Amino acid sequence: MSTGTTTGTNAEVELAIGGMTCASCAARIQKKLNRMDGVTATVNYATEKAKVSYSGGVSVGDLIATVEATGYTAQEPVPPAEQTDEAPGTDGLRPLRERLVTAVVLSVPVVAMAMIPALQFEYWQWLSLTLAAPVVTYAAWPFHKAALTNARHGAATMDTLISVGTSAAFLWSLWALFLGTAGTPGMTHPFELTIQRTDGAGNIYLEAAAGVTAFILAGRYFEARAKRKAGAALRALLELGAKHVTVLRDGGREETVPVPDLKAGDRFLVRPGEKIATDGTVVEGSSAVDASMLTGESVPAEVGSGDPVTGATINVGGRLVVRATRVGADTQLARMARLVEDAQNGKAAAQRLADRISAVFVPVVIALALGTLGFWLGNGAGLTAAFTAAVAVLVIACPCALGLATPTALMVGTGRGAQLGILIKGPEVLESTRRVDTVVLDKTGTVTTGRMTLLAVHTAEGTDEAEVLRLAGALEHSSEHPIARAVADGALEKLGALPTPEDFANVPGLGVQGVVEGHAVLVGRERLLAEWAMELPAGLTRARAAAEEAGRTAIAVAWDGEARAVLEVADAVKDTSAEAVGRLRALGLTPILLTGDNEAVARSVAREVGIEEVIAEVLPQDKVDVVKRLQAEGRSVAMVGDGVNDAAALAQADLGLAMGTGTDAAIEAGDLTLVRGDLRAAADAIRLARRTLGTIRSNLFWAFAYNVAALPLAAAGLLTPMIAGAAMAFSSVFVVGNSLRLRTFRAAG
């Protein structure tokens with residue numbers, strides 16, 4: 001299965017890149033790809049992927065050949081369904097771990113002997129050479145190999161710095177041992193882990209060569225592990241789905257097949273406790289479905305014939321037969337995974353700046369190292385002191401922290417969001433969340449449930465509410481009208497069971513009539529009762545007027561020649577909406593209710609949830625104009641919606657938040673998708689996005705500040721190469737660790 005897609009005359013493909021060791025590598029590959037005619041590429045060091053758009057006569061093979069000609073490997077990633085159960089990245093970590101263990105075991109005694117004069121026995125320097133040689137050759141070989149490859153292509157990367165720095169220290173030591181005085185039996189020299197200038201007289205630099213290699217390998221190893229952890233949420237998302245499914249063939253024969261073999265239209269069986277294999281519609285049975293792993297909703301949802309169900313959710317009740325409607329890459333789970341991965345492959349403006357800097361950073365550092373060497377030699381500091389300072393400059397300058405600053409924070413932030421039911425589409429979204437000051441809320445399906453609900457029952461004197469619900473509910477249960485369904489569902493919820501009407505008739509535009517338990521029952525508009533010469537008593541007339549003033553639908557109920565009750569039906573406000581509006585206000589946002597409903601309905605809902613500004617009776621096509629008008633007033637607008645009629649407004653808004661329970665059009669148009677139909681997730685999404693952006697900024701600050709502060713110290717001869725190596729490795733680990741703190745983000749409440 002190819003990951004490539006075609007859009008118009010352009011095609012897109014995602015390539016897995018191998019051999020990258022730092023952000024400079026990613027910058028080089030990206031530059032080479034973008035030089036090809038009709039190609040636009042973005043290469044991400046942290047995810048080790050290239051997202052490429054190409055047209056004309058360019059093929060995927062041409063793209064791969066260009067990457068390989070640059071000195072790296074490329075291939076189309078294996079689709080999730082074809083991946084093995086083995087943890088991703090295991091093979092890549094094993095050789096790195098082996099080299100790290102070798103470097104640490106052999107470097108510790110070398111460093112110890114160099115640091116502790118008491119351990120410097122008569123021939124200690126030759127033992128140091130014996131132990132350090134495998135470290136600088138075998139353990140550091142990936143650095144040397146990459147540096148040679150880059151040199152053949154006329155480029156210099158971080159590996160060039162590491163290779164030149166460690167090789168220079170090792171070769172200097174060989175010269176000192178064999179041609180200088182360092183090989184003299186009984187030679188000793190002090191080692192001080194302090195920031196001070198030294199001329200390096202009598203020193204060998206084996207501890208620097210071995211120690212730097214060990215420190216950098218440790219940093220690389222922990223970075224690799226951290227990158228795997230950062231992508232764990234995406235892998236977990238992909239692993240949610242069922243692996244096998246029981247398909248019902250002709251005659252009801254059951255056949256177990258792998259989920260990838262399932263086709264749209266197939267009927268499949270879901271037993272209690274099993275995962276639903278793919279998105280579909282229930283055709284037989286009723287049950288409760290636990291969607292918590294996908295949506296975060298803790299209460300299982302009741303489903304029956306005709307209800308939609310989502311793949312990867314769990315059937316916790318009865319036996320279901322489901323007809324598959326979406327399979328493979330079209331399912332909600334697959335789309336969620338694509339959104340998360342697209343966000344992780346994206347690059348914010350700040351990261352593009354960091355990549356450009358790291359691409360020119362290496363040659364500048366090499367020039368600075370040569371300048372440092374020349375400066376100290378020219379000032380009579382001695383060759384050893386000049387060499388020490390130059391090697392420290394090479395080692396301290398690793399741009400890896402710079403390259404990891406944004407991708408790791410994005411990976412962890414978007415992955416954590418996916419776990420909480422918040423899908424962040426791209427890194428540019430993060431910048432928008434910082435500026436947003438106004439949030440426009442669509443009413444139906446966002447603030448309200450989006451379906452009609454029985455809200456109140458007003459009875460005439462001497463009439464029992466349960467009897468009203470039993471008779472009216474039984475009659476309405478036979479109707480498919482949304483208002484009738486609201487009455488029937490409300491009655492079922494309170495009574496548990498309803499009688500069957502002996503006679504039923506629909507009166508178009510007015511209501512229904514029939515016989516229930518021997519009573520002649522009418523349910524509908526007041527005009528329906530008037531046709532049978534019945535009038536509402538004064539109390540029920542007042543109840544009807546109050547309901548209509550609040551924007552609710554009033555339904556009259558009568559039987560045996562008397563008006564008995566008025567029912568209030570409306571699109572009910574979600575239980576969590578008022579709390580959500582409060583949380584949005586706490587984030588500094590001004591909420592506005594936007595709806596096509598009439599003013600009375602909108603004002604009633606707004607009062608209930610605590611919104612002061614209301615824009616009502618807006619046509620679907622005019623919603624985008626409302627957003628534009630607010631933007632013209634100088635506001636930065638977030639829009640929350642769920643319907644097709646919200647799609648244009650979501651796209652126009654500075655930040656579009658689509659309810660995942662809504663339409664595909666809305667979800668595609670939004671910047672953030674809220675998997676749960678809970679408005680509180682909007683506040684959580686903005687908090688998470690702002691926190692992720694803050695983490696990116698602190699990472700970039702640390703990386704820039706580190707290099708700015710450390711390079712002058714190294715050039716001044718105040719840092720030994722080994723201290724420089726330790727500090728450089730720590731900076732990368734610090735950036736990754738800072739990003740991983742996003743995994744602790746919790747939804748409010």
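In the nomenclature of an unreviewed UniProt entry, the protein is known as Cation-transporting P-type ATPase B of Streptomyces paradoxus. The annotation that UniProt attaches to the protein under Catalytic activity (unreviewed entry) is "ATP + H2O = ADP + phosphate + H(+)". Per its UniProt entry, the protein bears the Sequence similarities (unreviewed entry) comment "Belongs to the cation transport ATPase (P-type) (TC 3.A.3) family. Type IB subfamily."

Description of the overall build of the protein
Across its full length, the protein holds 26 helices and 27 strands. Across the 749 residues in the protein, those meeting the buried criterion constitute 53%. Pairs at least 24 apart in sequence give 69% of the contacts found in the protein among residues at least 6 apart. Carbon together with sulfur atoms contributes 56% to the accessible area of the protein, which is approximately 31600 Å² in total.

Things to note about the sheet that holds strand E16 (residues 438–442)
The strand order across the open sheet built from seven strands is E15-E27-E26-E25-E16-E23-E24, with neighbouring strands paired in mixed fashion. One side of each edge strand has no neighbouring strand; the edge strands of this open sheet are strand E15 (422–424) and strand E24 (613–615). Between one strand and the next, the sheet's axes are offset by a mean angle of 20°, whatever the strand orientation. Along the sheet, helix H22 (residues 623–632) makes contact with E16, strand E23 (590–594), E24 and strand E25 (637–641), crossing E25 at roughly 160°.

Examining the UniProt feature "transmembrane region" (unreviewed entry) in the protein
Here, the residues flagged by UniProt with the feature "transmembrane region" (unreviewed entry) are residues 100–117, 123–141, 161–184, 204–222, 357–377, 383–406, 700–716 and 722–740. Helix makes up 89% of residues 123–141 and strand 0%, with an end-to-end C-alpha separation of 27 Å. Here residues 700–716 is 94% helix and 0% strand, with 25 Å between the C-alpha atoms at its ends.

Focus: helix H17 (residues 482–495)
Along its 14 residues, H17 runs 20 Å from first to last C-alpha, staying within 8% of the 20 Å computed at 1.5 Å per residue. What H17 keeps buried is the set Ala484, Ala486, Val487, Ala488, Gly490 and Ala491. Along its buried surface, H17 packs onto strand E17 (448–459), helix H16 (465–476), strand E21 (553–559) and strand E22 (562–573). One or two steps after H17, the chain reaches Gly496, where phi turns positive at roughly 90°.

A closer look at the nonpolar core
Leu441, Leu593, Val640, Leu655, Leu657 and Leu672 are the most contacted members of the largest nonpolar core, which has 50 residues in total. At ten residues, helix H25 (residues 680–715) tops the list of elements feeding residues into this core. Residues lining this core come from more than one domain, with at least three contributed by each of domain 2 (93–231 + 346–409 + 696–742) and domain 4 (427–447 + 574–670). With residues up to four places along the chain from it excluded, the contact list for Val640 reads Val439, Val440, Leu441, Asp442, Thr446, Leu650, Leu657, Met659, Leu679 and Ala682. If you look at the next biggest cluster of nonpolar residues, it comprises 38 residues, including Leu100, Leu106, Trp124 and Leu206.

Description of unusual backbone geometry
A positive phi is found at Ala312, a non-glycine position, where the angle reads about 85°. With respect to the helices, strands and loops of the structure, Ala312 is situated in the loop between strand E12 (308–309) and strand E13 (314–315). For Ala312, a relative accessible area of 1% gives the class buried. Of note in this structure, Glu617 is not a glycine but carries a positive phi near 55°. Inspection of the secondary structure puts Glu617 in the loop between E24 and H22.

Overview of the pairing of strand E2 (residues 10–18)
In terms of strand pairing, E2 meets strand E4 (residues 49–54) through six bridges, oriented antiparallel. Residue Ala16 lies in a different strand from E4, and its bridge partner there is Lys49.

Regarding helix H5 (residues 141–152)
Every α-helix carries 3.6 residues per turn, so stepping three or four residues along brings you back to the same face. Given a rise of 1.5 Å per residue, twelve residues ought to cover 16 Å, and the 17 Å separating the end C-alpha atoms of H5 matches this to within 8%. Regarding H5, the residues found buried are Phe143, His144, Ala146, Ala147, Thr149 and Asn150. In the segment just after H5, Gly154 is the residue with positive phi, at about 70°.

Comments concerning the packing of helix H4 (residues 124–139) against H5
Contact pair H4 / H5: the axes reach a minimum separation of 5 Å and the direction vectors enclose 45°. The pairing of H4 with H5 is recorded here as oblique in orientation. Contacts from Val136, Thr137, Tyr138 and Ala139 of H4 reach H5 at Trp141, Pro142 and His144. Partitioned by chemical class, the residues of the contact of H4 with H5 number five nonpolar, two polar and no charged.

What counts and what doesn't
- Residues numbered from 1 in each chain as written.
- Predicted model: local features only at pLDDT ≥ 70, side-chain atom pairs only at ≥ 80, totals over all residues.
- Heavy atoms only, no water.
- UniProt positions renumbered as here; feature names shortened; annotations may be inferred.
- Helix = DSSP H or I, 4+ residues; strand = E, 2+ residues; numbered from the N terminus.
- Buried < 20%, exposed > 50% of the residue type's maximum accessible area, 1.4 Å probe, protein only.
- Contact = heavy atoms within 4.5 Å.
- Areas by Shrake-Rupley, 256 points an atom, 1.4 Å probe, with all protein chains shown as cover.
- Pairing = 2+ DSSP bridges.
- Axes fitted to C-alpha atoms, helices over the stretch in contact; angles between N-to-C directions.
- Expected span 1.5 Å × (residues − 1).
- Core = buried A, V, L, I, M, F, W, Y, C linked by side-chain atoms within 4.5 Å.
- Domains from an automatic or database assignment.
- Parallel < 35°, antiparallel > 145°, perpendicular 65-115°, else oblique.
- Nonpolar A, V, L, I, M, F, W, Y, C, P; charged D, E, K, R; others polar.

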